[in-house]
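Chains, contacts and geometry: an overview
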Amino acid sequence: MAKTKTKYVCQSCGYESPRWMGRCPGCSNWNTLVEEIERKTKTNRPSTGLTSRKPIKITSIESQEEPRILTSLKEFNRVLGGGIVHGSLVLIGGDPGIGKSTLLLQISSQLAEQQLPVLYISGEESTRQTKLRADRLNVSSDLLYVLAETNLFDIANHIEELKPSLVIVDSIQTIYKDEVTSAPGSVSQVRECTSELMRIAKTNHIPIFIVGHVTKEGAIAGPRVLEHMVDTVLYFEGERHHTYRILRSVKNRFGSTNEMGIFEMKEEGLKEVMNPSEIFLEERSKGAAGSTVVASMEGTRPVLVEIQALISPTSFGNPRRMATGVDYNRIPLLMAVLEKRVGLMLQNQDAYVKVAGGVKLDEPAIDLAISVSIASSFRNQPTRPDDIFIGEVGLTGEVRRVSRIEQRVQEAAKLGFKRVICPQKNIDGWTLPETIEIIGVNTVQEALNIGLHR
Ligand SMILES: Nc1ncnc2c1ncn2[C@@H]1O[C@H](COP(=O)(O)OP(=O)(O)OP(=O)(O)O)[C@@H](O)[C@H]1O
Ligand SMILES: [Mg+2]
């Protein structure tokens, strides 16, 4: 009898080893290596459905921009870079209960209503459970097929038989392939199943959406390799206590990343939010010290968000610095600039900085707004409620140019703001709009002189 070969695979990074080890050399996690039986398949050459047999000239390949499939959720189309691409494999990750199945069921029903057959494969819920959700969401269409199946071979057969226009696999962690001996949800299973789904998507030209669970740390469970394999990775996030949900693209082979779609969870499903700035500014306390508004770019769209700071004298030896929604390391840096270049004595002050509304901002153009918020709270001088601050702050206290200033200003004007305080360098070279006053500044000091009430 042939000897079975076993290997040990790390469940967190996919590292393989012939021997068991307590600590994975790949990702330094303890106790993550699990024994899996290796089985040689007859063909060693995996077919991805992408390979062409001979090298061909790039100029001789036909290229045609294919029409994408559009859903009626415009936010969703935009996050995907303008609709669903035929033959693409899209991974959607998110915390438990955030609404992944709800979103995908809604998308499915919308396509079914456009006379495109959709196959919804649920490995986690029975068909009856899916039906219950469908009833709540008012989904009913003859072209929406539901399948409760976890065996990949059967799934592949059904796809090939039905030839749907879209396939949803509700959770890759429940799907298994017979040839792989490890349990569903293990690294090998997830990897093998995903590459098989990739092959099905590419050869049949069918877009497939797969749901992936996230781990405690917030990464998609299973190895990082999963994110490399698929065409697009979307994260569905939001706070459980808020009804707003944010769909974010972190990788997209067919469009810009950092796009963000905002939805509201309602009894009858997810509703898209067309003007997020209004929501983020809804609860703003106007005229309070420590609050400013910034126009930040989320992908190709500007959103206005409030940045709050609270500066209070520290009662311990080490002052505390806390940041929610912005990079923690920017806070001490900007405070050092304020201390050295503007002369604010911040070293014995606690600082708390927060982006209101649960959004995360990670572009440098928000530096100026953070600095002004900090100074405003420290001096207890409010900013004018109809001011917007845009700009990157350098270490010498200079305010540096940012990208896409026109769009940011337009959004501010649309929402009724009166003044934009932005980098002087940005002002040159475009005709200023008349509806809003634009003030160029060169340093943080200048911005504070203009922005803070005396
Ligand atoms: N009757 C209802 N009214 C309003 N909201 C509801 C109702 N039923 C469920 N929800 C919302 O739907 C969410 C569950 O959505 P869904 O099952 O799509 O999440 P999921 O991300 O697929 O979860 P899982 O990770 O368990 O698969 C709940 O957390 C809740 O916010
Ligand atoms: Mg679900």
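Sequence positions are assigned chain by chain, starting from 1 and proceeding in written order. Each chain takes a letter, starting from A, and each ligand takes a number, starting from 1, following the order in which they are written. Confidence filtering applies because this is a predicted model: local features only for residues at pLDDT of at least 70, side-chain atom pairs given and counted only at 80 or more, and all residues used for totals across whole chains, interfaces and linings. To get the side-chain values, all heavy atoms of the structure are used, and hydrogens and water are removed first.

Some remarks on the site of ligand 1
As a matter of local geometry, ligand 1 sits amid 13 residues, with Gly-97, Lys-100, Ser-101, Thr-102 and Arg-133 nearest to it. We call two N or O atoms a polar contact when they sit within 3.5 Å, provided that within protein one can donate a hydrogen and the other can accept it, with sequence-adjacent residues counted only if both atoms are side-chain atoms. In the model, an oxygen atom of ligand 1 is placed 3.5 Å from a nitrogen or oxygen of the Glu-124 side chain. Reported accessibility uses the Shrake-Rupley method at a 1.4 Å probe radius. Residues are deemed covered only where the shown protein chains occlude them. Notes on ligand 1: free accessible area 650 Å², of which the protein chains cover 66%. Looking at the shell around ligand 1, the elements with two or more residues in it are helix H2 (100-113) and helix H3 (127-136). Counting from the N terminus, the helices are the DSSP runs of H or I reaching at least four residues and the strands are the DSSP runs of E reaching at least two. Sorting elements by how many residues they give to the shell around ligand 1 places H2 first, with three residues. For this classification, the nonpolar set comprises Ala, Val, Leu, Ile, Met, Phe, Trp, Tyr, Cys and Pro, the charged set comprises Asp, Glu, Lys and Arg, and every other residue, Gly included, is treated as polar. Here the shell around ligand 1 is built from residues that sort into three nonpolar, four polar and six charged. Any residue with a non-hydrogen atom lying within 4 Å of a molecule or strand is treated as near it.

Describing the pattern of salt bridges
Just to be clear on terms, a salt bridge is a Lys or Arg side-chain nitrogen sitting within 4 Å of an Asp or Glu carboxyl oxygen. According to the stated counting rule, one finds 20 salt bridges in the structure shown. Here Lys-7 ties to Glu-16 by a salt bridge, and the two come within 3.6 Å at their closest N and O atoms. Only protein chains enter the area calculation, which uses a 1.4 Å probe; residues under 20% of their type maximum are buried, those over 50% are exposed, and those in between are partly exposed. On the basis of relative accessibility, which here comes to 17%, the residue Lys-7 falls in the buried class. Using a relative accessible area of 38% as the deciding quantity, one classes Glu-16 as partly exposed.

Here we look at the packing of H2 against H3
Axis definition: a line fit to C-alpha positions, over the contact stretch in the case of helices; interaxial angles, taken between N-to-C directions, run 0 to 180 degrees. Where H2 meets H3, the closest approach of the two axes is 11 Å, and the angle between their N-to-C directions is 70°. By the angle between their directions, the pair H2 and H3 is classed as roughly perpendicular. Here H2 contributes Ser-101, Thr-102 and Leu-105 to the contact with H3, which in turn contributes Thr-130, Arg-133 and Ala-134. Should an angle lie under 35 degrees it is considered roughly parallel, over 145 roughly antiparallel, and from 65 to 115 roughly perpendicular; all remaining angles are considered oblique. The contact rule is simple, with two residues in contact once any of their heavy atoms fall within 4.5 Å.

A word on the UniProt feature "domain: RecA family profile" (unreviewed entry) in the chain
UniProt positions are given in the numbering used here, feature names are shortened, and annotations may be inferred rather than shown by experiment. Summarizing the sequence annotation, UniProt attributes the feature "domain: RecA family profile" (unreviewed entry) to residues 65-214 in the numbering used throughout. Taken end to end, residues 65-214 is 39% helix and 17% strand, and its first and last C-alpha atoms sit 34 Å apart.

Re the packing of helix H4 (residues 152-162) against helix H5 (residues 187-204)
Viewed as axis vectors pointing N to C, H4 and H5 meet at an angle of 10°, and their least axial separation amounts to 11 Å. When the axes of H4 and H5 are compared, the pair comes out roughly parallel. Every residue of H5 that contacts H4 at Leu-152, Ala-156, Ile-159 and Glu-160 is listed here: Cys-193, Glu-196, Leu-197, Ile-200 and Asn-204.

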